[in-house]
Amino acid sequence: MTIHAAFQLERLSKAELKAERSALVAVYFSAYRDLPHYAYHSRDEVEDYLSWLHRGDRRGFYVVRVGKEIVAWMSVHDSWRGWRGDQPEAQGELQELVVARPYQGMGLGRRLVALAIQHTARAGRRRIGLYVGEQNEPARRLYERFGFRVESQWNIWLRMQRPVDPVVDQQLEGLGDNL
Ligand SMILES: CC(C)(COP(=O)(O)OP(=O)(O)OC[C@H]1O[C@@H](n2cnc3c(N)ncnc32)[C@H](O)[C@@H]1OP(=O)(O)O)[C@@H](O)C(=O)NCCC(=O)NCCS
């Protein structure tokens, strides 16, 4: 689907994830270039991370392309029960969001956060959460604009959450309609 004349939004299948692994890793390193404290540093770690992200919600891995090139990606899990898997109620979790450096500041982050909330609403969940680096101000501001609030801190990570309205939030920005 088109979110801007040049940008195409897609959901990535398991096979596509495998085929596009290098491109996804490159976007990750490009996005986190100036935030090394909050990122993996080796290609192997990022590749394992990609598999873990996709396994957690096979329908929650989204990419944005310009032509064939992947310029941003996002992973959301719609049945997250916390790191120990012991939360009684499943919720949405925005696991990762990366926009390649040259494409930052063009509204892709905003669109993908909206999509994560919409994905969660479509699964009927009532809450979405995420972890963000305590000094990652641009990301934190972006999440705050969508109503996420800091609820706690773990090490260098802030825990942010936001309620989800299963009806209203499905209509957020009209994204993902034909996915
Ligand atoms: C955080 C991130 C995903 C935002 O993506 P993005 O596509 O740049 O975000 P948007 O273009 O939608 O912009 C969101 C806001 O941040 C500002 N912004 C983001 N990057 C900017 C940049 N490089 N230059 C200027 N402004 C920037 C925008 O102006 C916008 O503010 P506004 O809504 O008041 O105009 C992206 O910067 C990124 O990949 N960061 C590194 C990885 C990361 O921190 N991920 C989040 C993990 S929790």
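(A) Inspection of the overall build of the chain at higher detail. The number of helices and strands found in the chain is 5 helices and 8 strands. Taking 2.2 N^0.38 as the reference for a compact globule, 179 residues should give roughly 16 Å; the C-alpha atoms of the chain span a radius of gyration of 15 Å, in line with that estimate. Oriented by its inertia axes, the alpha-carbon framework of the chain measures out at about 40 × 35 × 30 Å. Residue burial in the chain is summarised as follows: out of 179 residues, 33% are buried.

(B) Quick peek at the site of the ligand. In the vicinity of the ligand there are 19 residues, among which A31, Q104, G105, G109 and R110 approach most closely. Put simply, the parts of the chain that give the shell around the ligand at least two residues each are β5 (91–99), α4 (108–122), β6 (127–133) and α5 (137–145).

(C) Expanded view of the nonpolar core. V27, A72, W73, L112 and A116 are the most contacted members of the largest nonpolar core, which totals 41 residues. It is α4 that contributes the most residues to this core, 7 residues altogether. Once residues within four sequence positions are removed from consideration, W73 is found in contact with L24, V27, Y62, V63 and V98.

(D) View of the pairing of strand β7 (residues 149–154). Counting buried positions over the 6 residues of β7 gives 0, only a small fraction of the element. Two elements, β7 and strand β8 (residues 157–163), share 5 bridges in a ladder whose sense is antiparallel. By the bridge assignment, Q153 is partnered in β8 with L158. Between β7 and the antiparallel strand that follows it, β8, lie 2 residues; N155 among them carries a positive phi value of about 55 degrees.

Rules and cut-offs
- Residues numbered from 1 in each chain as written.
- Predicted model: local features only at pLDDT ≥ 70, side-chain atom pairs only at ≥ 80, totals over all residues.
- Helix = DSSP H or I, 4+ residues; strand = E, 2+ residues; numbered from the N terminus.
- Rg over C-alpha atoms; globule rule 2.2 N^0.38 Å.
- Buried ≥ 20, exposed ≤ 12 C-beta atoms within 10 Å, placed from the backbone.
- Near = placed C-beta within 6 Å.
- Core = buried A, V, L, I, M, F, W, Y, C linked by C-beta atoms within 7 Å.
- Contact = placed C-beta atoms within 7 Å.
- Pairing = 2+ DSSP bridges.

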